[in-house]
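# Observations on the model geometry
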Amino acid sequence: MKTLPILLKDGYKVGHKFQYPEGTTLVYSNLTPRKSRDKGIEEIVFFGLQYFIKEYLIEQFNTNFFQRPKDEVLKTYARRIDNYLGKDSISYDHIAALHDLGYLPLEIKALPEGTLVPMRVPIFTIKNTLPEFFWLTNMLETLLSAILWKPCTSATTAFQYLKTFNRYAAETVGADNSFIPWQGHDFSFRGMSGIEDAVMSGAGHLLSFAGSDTIPAIDFLEQYYNANCETELIGGSVPATEHSVMCMGTQDNEIGTFERLITEVYPAGVVSIVSDTWDFWQVITEFLPELKEKILVRNGKVVIRPDSGDPVKIIAGDPEAPIGSPEYKGAIECMWEIFGGTITEKGYKLLDGHIGLIYGDSITTERQLAILESLKQKGFASYNVVLGIGSYTYEYVTRDTFGFAMKATYGEVNGIGRDIYKDPKTDDGTKKSAKGLMQIYRDAVTGKLTLKDQCTWEEEAQGELKTIFKDGELTIDWTLAAIRNTVQQHAAYTTKAATEAIPAIE
């Protein structure tokens, strides 16, 4: 859908220009994650602002506003608002003046994308650079919020999976961390709220992992984050079946379908085969032993994919099942009994490289932890499984998951500065805002980002916030590689702290 970007706002924003005190010349605002509703997460991964700037502030405003004839723009805007609020309910001189100017007179100062940001610390500030366009700052609140909360939230969620995979690899595998980028695989595309939602979320996933079935997330990172699939790994996957393929092969000849796939269609390389179309445990206990030699002589890996049931019990075993049964042992133990494997430097069992398992149905961070811990308790390394992360994880969130909100904290009226804030008595403190100009700095003791508000302009000019957009131009252009490096550094630090605090189980 193409529309005037000046109309991408909540309806009540239309009249705010006329409601500010007479003589207002500056509005200074910020976007902040105010409160985590996800237990154990007190920092978010900042991601998505560069996309917002390139796509909306530059591309859409240039193409669909500044480069369109002024009369056409004003007619389109007036038609919409006159039929929304009532004819001649407001004047349009400010819209005409912005079109005449030819660019957005704004300055955005932000933290580097990929940064781990504590709750109640702003990720960016925004202000107008020309006094007559004070109204523009908070007019963009709706669009900024709508676009940014999701990639930040998904990037933060993926980071939680990454930390857990890192920890269990360190405890059960050793120094080799090469498989971790493939352990978390994005299966969310079909369950997301539209294409842009899926792509932004999928890009957030790819800050921590390489495995993804959301193909356009790769295009997104090339277009907006200077990535290049020909020179770096952005995202990838492997050939994989679906239930329609297996069903078309018929239940009576299911093992024939397996054999044809691994010997004729994919005689080499990795292939993932959905294995619960009818009887998953028959596949594990009958088909795999019969196909064992054909699997072991392949130059590649056959990946078994269960897709129903309780993933913890399917993968690691059900202690309430009959002792000695496949259900009691779980898929990994059964596959070890068939194929064997190696022992990692940490002393845990790792399946032969010709066979593996992926599970991608209803995997949550809690189930991820339960699966890896259960495998560890049974003596199996974390690298025995790949987990698919779907829309149940990436879509079952809201803006309030981390309390993202954009608020004005400083303004100027008739040349005099005002520190402004909100602090509702009926609130629990979540909606209490900072006050005045802001500086973000790293605490010398904790190393964490910290907010200092009610700053002078000299203080505001210092710290971690850097100008990334000013007067229609992008001033810093982040790359995927740089952002990933930041995320990986954060993950490595937290993994080191976690593994030092939690001794390995002998």
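Before reading further, recall that the structure is shown in the block above.
From a predicted model like this one, the values you see are computed outputs, not experimental measurements.

### Structural notes on the sheet that holds strand β11 (residues 355-359)
Across the sheet, which stays open at both edges, the five strands sit in the order β6-β12-β11-β8-β7 with parallel pairing between neighbours. Only two strands of the sheet have a single neighbouring strand rather than two, namely β6 (184-186) and β7 (271-274). For this sheet the average axis-to-axis angle between neighbouring strands, irrespective of direction, equals 30°. In this sheet, strand β12 (residues 385-389) lies alongside β6 in parallel orientation, the contact comprising three bridges. Its bridge partner being in β12, His-185 is matched across the sheet by Gly-388.

### Topic: the packing of helix α1 (residues 49-66) against helix α8 (residues 215-224)
Contact geometry for α1 and α8: axes closest at 10 Å, N-to-C directions at 75°. Relative to α8, the element α1 is oriented roughly perpendicular. Where α1 approaches α8, its residues Gln-50, Tyr-51, Lys-54 and Glu-55 are matched on the opposing element by Phe-220, Gln-223 and Tyr-224. The residue inventory of the contact of α1 with α8, partitioned by class, reads three nonpolar, two polar and two charged.

### Some remarks on the pattern of salt bridges
A side chain with one charge can pair with a side chain of the opposite charge if their charged atoms come near. Scanning all chains against the criterion turns up 15 salt bridges. A salt bridge links Glu-72 to Arg-68; the nearest nitrogen and oxygen atoms lie 2.7 Å apart. Classification of Glu-72 by relative accessible area gives partly exposed; the value is 36%. A salt bridge links Glu-171 to Arg-167; the nearest nitrogen and oxygen atoms lie 3.2 Å apart. With Glu-171 and Arg-167 both in helix α5 (residues 141-172) and four residues apart, the pair spans about one turn of that helix.

### Describing the packing of aromatic side chains
Counted according to the given criterion, the structure contains 22 aromatic pairs. Seen from their ring centres, Phe-220 and Tyr-224 are 5.3 Å apart, and the 50° between their planes marks the pair as tilted. One end of the pair is Phe-220 and the other is Tyr-224, both in helix α8 and four residues apart, which spans about a single turn. Its relative accessible area of 8% is what places Tyr-224 among the buried residues.

### Concerning the environment of Phe-339
Structurally, Phe-339 can be placed in helix α14 (residues 331-339). The spatial distance from the C-alpha of Phe-339 to the C-alpha of Tyr-161 is 28 Å, given a sequence separation of 178 residues.

### Focus: the sheet that holds strand β18 (residues 473-474)
Strand order in the open sheet made by the seven strands is β14-β13-β1-β5-β3-β17-β18, with antiparallel pairing throughout. Because the sheet does not close on itself, it has two edges, and the strands there are β14 (416-419) and β18. As judged from the four bridges shared by strand β3 (residues 106-110) and strand β17 (residues 466-470), these two strands associate in the antiparallel manner. Bridge pairing in β17 links Ile-108 to Phe-469.

### A few points about α8
Taken together, the buried positions of α8 are occupied by Ala-217, Ile-218, Phe-220, Leu-221 and Tyr-224. For α8, the buried positions fall inside an angular range of 155° around the axis, keeping them on one side. Seen from the buried face of α8, the exposed residues on the opposite side, beyond 90 degrees, are Ile-215 and Gln-223. Asn-226, located one to two residues past α8, shows a positive phi value of around 55°.

### Focus: unusual backbone geometry
A positive phi angle, close to 55°, is found at Asn-226, a residue other than glycine. One can find Asn-226 in the loop between α8 and α9 (243-248). Unusually for a residue other than glycine, Gln-454 sits at a positive phi of about 50°. Examined against the element boundaries, Gln-454 turns out to sit in strand β16 (residues 449-455).

### Quick notes on the environment of Gly-341
Note that Gly-341 resides in strand β9 (residues 341-343). Separated by 74 residues in the primary sequence, Gly-341 and Gly-415 have C-alpha atoms spaced 74 Å apart. When neighbours within four sequence positions are excluded, Gly-341 is seen to be in contact with Trp-336, Leu-350, Leu-351 and Asp-352.

### Concerning the side chain of Gln-439
By the secondary structure assignment, Gln-439 is in strand β15 (residues 437-442). Within polar-contact distance, the side chain of Gln-439 engages the backbone oxygen of Glu-459 at 2.8 Å. When sequence neighbours within four positions are dropped, the list of residues in contact with Gln-439 reads Thr-450, Leu-451, Lys-452, Cys-455, Glu-459, Gln-462 and Gly-463.

The rules behind the values
Residues numbered from 1 in each chain as written. Predicted model: local features only at pLDDT ≥ 70, side-chain atom pairs only at ≥ 80, totals over all residues. Heavy atoms only, no water. Pairing = 2+ DSSP bridges. Helix = DSSP H or I, 4+ residues; strand = E, 2+ residues; numbered from the N terminus. Axes fitted to C-alpha atoms, helices over the stretch in contact; angles between N-to-C directions. Parallel < 35°, antiparallel > 145°, perpendicular 65-115°, else oblique. Contact = heavy atoms within 4.5 Å. Nonpolar A, V, L, I, M, F, W, Y, C, P; charged D, E, K, R; others polar. Salt bridge = Lys/Arg side-chain N within 4 Å of Asp/Glu carboxyl O. Buried < 20%, exposed > 50% of the residue type's maximum accessible area, 1.4 Å probe, protein only. Phe/Tyr/Trp six-rings, centres within 6.5 Å; stacked < 30°, edge-to-face > 60°. Arc of directions from axis to C-beta. Polar contact = N/O pair within 3.5 Å; in protein donor to acceptor, adjacent residues only side chain to side chain.

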